[in-house]
Amino acid sequence: QIPKDPTQRWLRELAALSQQLQQVHPNVLAKILKQRTVYQNEEIVVIDKPYGLPVHGGPGIKNCIADVLPILAKMLENMRADPLHLCHRLDKETTGVMVLARSKEAAEKIRLLFKTRQVEKIYWAIVLGDPDPVEGIVEIPIVEKEVQSHQSHYKMTLAPSYRLRPEDGKVMKIRRSRNAESAVTRYRRLASASACALLELQPITGVKHQIRVHLAYGLGCPILGDHKYSHWSKLAPQKLPELTLRRLKLEQSKARHLPLHLHAHRLRLPLGQPLDFVCKPPLFFQKTLRKLELDIPKD
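Residues numbered from 1 in each chain as written. Predicted model: local features only at pLDDT ≥ 70, side-chain atom pairs only at ≥ 80, totals over all residues. Heavy atoms only, no water.

Overview of the overall build of the protein chain
Turning to step 1, where the next piece is worked out: Helices and strands together make up the secondary structure of the protein chain, namely seven helices and 14 strands.
Turning to step 2, where the next piece is worked out: Over its C-alpha atoms, taken along the principal directions, the protein chain stretches across nearly 70 × 55 × 45 Å.
Turning to step 3, where the next piece is worked out: Relative to its full complement of 299 residues, the protein chain shows a buried share of 47%.
Turning to step 4, where the next piece is worked out: By sequence separation, contacts in the protein chain at least 24 residues apart represent 64% of the contacts at least 6 residues apart.
Turning to step 5, where the next piece is worked out: Distance from the positive charge centre (48 side chains) to the negative charge centre (30 side chains) of the protein chain: 4 Å. (Helix = DSSP H or I, 4+ residues; strand = E, 2+ residues; numbered from the N terminus. Buried < 20%, exposed > 50% of the residue type's maximum accessible area, 1.4 Å probe, protein only. Contact = heavy atoms within 4.5 Å. Lys, Arg positive; Asp, Glu negative; His and termini not counted. Charge placed at Lys NZ, Arg CZ, Asp CG, Glu CD.)

Given below as structure tokens:
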């Protein structure tokens, strides 16, 4: 039963995004990933990761990329192919460029390139608000903390090295939390409209949820559809500005269906000669850009 009303249809599509790939047979999932292969050579396979598909399994997860790598390898080569190997990870909700290796040796080589920050990663995100300044670098360490609320849960958060002294507003250095990790993200605004902005992001380090935390808590511009990092103490859907709701033709009560608008747009891998991979944002992301009247820059 497909709703006639385009707004209802759009809502139905958004609500189904996360579920879709959890319902299919692993062989079907491998086939989908095969269709989303953007490049392959004797060392690597590059896929355009779909929305809502976790890289690793866990409680309540029926399908994940790691589980179907042996099937995908056979589909891409032949029945005797070795399973593919993961080289890096993307969050379940993040879409875009993902590199897999055909051998253990290639995987180790590529993991080392990621670890030593030789891989250039460019993300696109639609955020609420407008960052000030419109381009810059966020360099604030990140730590995982337990949130004490009626529903206790864990979140990544900022662990700044300095703070203002309450009595006189002087800058003081804080003793660094033992578990805090250095985190550096470059950002630049590509477009802004409808109380939102399209940002290009380059994470220099690779801390868990780094881009989401730096944008939400560092710049005060949470990613559209990031229900986890739009508040600190509660687990609740993101609150959207009136203008954004109007342009998206959404009611606030339906905001929980909005997916995370974070896309791994480009990846440069120095393997012999530098390899450069680009994936267009998924359809829901492109539709949101159109609805919000955010102009995609021409590459």
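From this point, things continue past the structure.
Some details on the domain arrangement of the protein chain
Turning to step 1, where the next piece is worked out: What the domain assignment reports for the protein chain is domain 1 (1–116) and domain 2 (120–269 + 282–290).
Turning to step 2, where the next piece is worked out: One C-alpha centre belongs to domain 1, the other to domain 2; they are set 24 Å apart.
Turning to step 3, where the next piece is worked out: Taken together, the contact between domain 1 and domain 2 spans 21 residues of the former and 23 residues of the latter.
Turning to step 4, where the next piece is worked out: Of the roughly 1,900 Å² buried at the junction of domain 1 and domain 2 (both faces included), carbon and sulfur atoms supply 71%.
Turning to step 5, where the next piece is worked out: A salt bridge links Arg212 to Asp91; its shortest N-O distance comes to 3.3 Å. (Domains from an automatic or database assignment. Buried area = accessible area lost by both parts, 1.4 Å probe. Salt bridge = Lys/Arg side-chain N within 4 Å of Asp/Glu carboxyl O.)

Observations regarding the side chain of Thr157
Turning to step 1, where the next piece is worked out: Take Thr157: it is sitting in strand S8 (residues 153–158).
Turning to step 2, where the next piece is worked out: Given the relative accessible area of 11%, Thr157 is considered buried.

As for the packing of helix H2 (residues 26–35) against helix H3 (residues 65–76)
For any two helices packed against each other, one specifies the crossing angle of their axes together with the interaxial distance.
Turning to step 1, where the next piece is worked out: Taken N-terminus to C-terminus, the directions of H2 and H3 make an angle of 65°; their axes are 8 Å apart at the nearest point. What the angle tells us is that H2 and H3 run roughly perpendicular. Note on packing geometry: the crossing formed by H2 with H3 is right-handed. Across the interface between the two elements, Pro26, Asn27, Leu29, Ala30, Lys31, Leu33 and Lys34 of H2 pack against Ile65, Val68, Ile71, Leu72, Met75 and Leu76 of H3.
Turning to step 2, where the next piece is worked out: Residues that form the contact of H2 with H3 fall into these classes: ten nonpolar, one polar and two charged. (Axes fitted to C-alpha atoms, helices over the stretch in contact; angles between N-to-C directions. Parallel < 35°, antiparallel > 145°, perpendicular 65-115°, else oblique. Left-handed = near helix turned anticlockwise from the far one by under 90°. Nonpolar A, V, L, I, M, F, W, Y, C, P; charged D, E, K, R; others polar.)

Considering the UniProt feature "domain: Pseudouridine synthase RsuA/RluA-like" (unreviewed entry) in the protein chain
Turning to step 1, where the next piece is worked out: UniProt annotation of "domain: Pseudouridine synthase RsuA/RluA-like" (unreviewed entry) refers to residues 44–216 when read in the numbering used here.
Turning to step 2, where the next piece is worked out: Annotation note: span residues 44–216, helix share 18%, strand share 38%, distance between end C-alpha atoms 34 Å. (UniProt positions renumbered as here; feature names shortened; annotations may be inferred.)

Quick word on the environment of Ile211
Turning to step 1, where the next piece is worked out: Mapped onto the elements of the fold, Ile211 is located in helix H5 (residues 210–218).
Turning to step 2, where the next piece is worked out: Given the relative accessible area of 7%, Ile211 is considered buried.
Turning to step 3, where the next piece is worked out: The sequence separation of Ile211 and Ala195 amounts to 16 residues, and the corresponding C-alpha distance is 20 Å.
Turning to step 4, where the next piece is worked out: Those residues in contact with Ile211 that sit more than four places away from it in its chain are Tyr123, Thr185, Leu201, Pro203, Ile223 and Leu262.

Describing the nonpolar core
Inside soluble globular proteins, nonpolar side chains tend to come together where they are buried.
Turning to step 1, where the next piece is worked out: Residues Ile65, Ile126, Leu201 and Leu215 are the most contacted members of the largest nonpolar core, which totals 70 residues.
Turning to step 2, where the next piece is worked out: Membership of the second largest hydrophobic core comes to 18 residues, among which are Val46, Ala101, Ile110 and Phe114. (Core = buried A, V, L, I, M, F, W, Y, C linked by side-chain atoms within 4.5 Å.)

Looking at the packing of helix H1 (residues 6–23) against helix H7 (residues 283–291)
Turning to step 1, where the next piece is worked out: Contact geometry of H1 with H7 gives a least axis separation of 12 Å together with a crossing angle of 140°. As summarised for this structure, H1 and H7 are arranged oblique, according to the angle between their axes. Taken as a pair, H1 and H7 cross one another with a handedness that is left-handed. Where H1 approaches H7, its residues Trp10, Glu13, Leu14 and Leu17 are matched on the opposing element by Phe284, Lys287, Thr288 and Lys291.
Turning to step 2, where the next piece is worked out: Along the lines of polarity and charge, the residues of the contact of H1 with H7 split into four nonpolar, one polar and three charged.

Here we look at the packing of aromatic side chains
Turning to step 1, where the next piece is worked out: If you walk through the whole model with that rule in mind, you get four aromatic pairs.
Turning to step 2, where the next piece is worked out: A centroid spacing of 5.1 Å and a plane angle of 50° characterise the contact between Tyr39 and Phe277, whose relative ring orientation is tilted. Of this pair, Tyr39 sits in strand S1 (residues 37–40) while Phe277 sits in strand S14 (residues 273–278), and the two are 238 residues apart along the sequence.
Turning to step 3, where the next piece is worked out: Taking the relative accessible area as the measure of exposure, Phe277 reaches 6% and is therefore buried.
Turning to step 4, where the next piece is worked out: With a centroid separation of 6.1 Å and an interplanar angle of 75°, the aromatic rings of Tyr217 and Trp232 are classed as edge-to-face. Taken together, the positions of Tyr217 in helix H5 and Trp232 in the loop between H5 and helix H6 (242–248) put the pair 15 residues apart, joining distant regions of the chain.
Turning to step 5, where the next piece is worked out: One aromatic cluster is present, formed by Tyr217, Tyr229 and Trp232 through successive ring pairs. (Phe/Tyr/Trp six-rings, centres within 6.5 Å; stacked < 30°, edge-to-face > 60°.)

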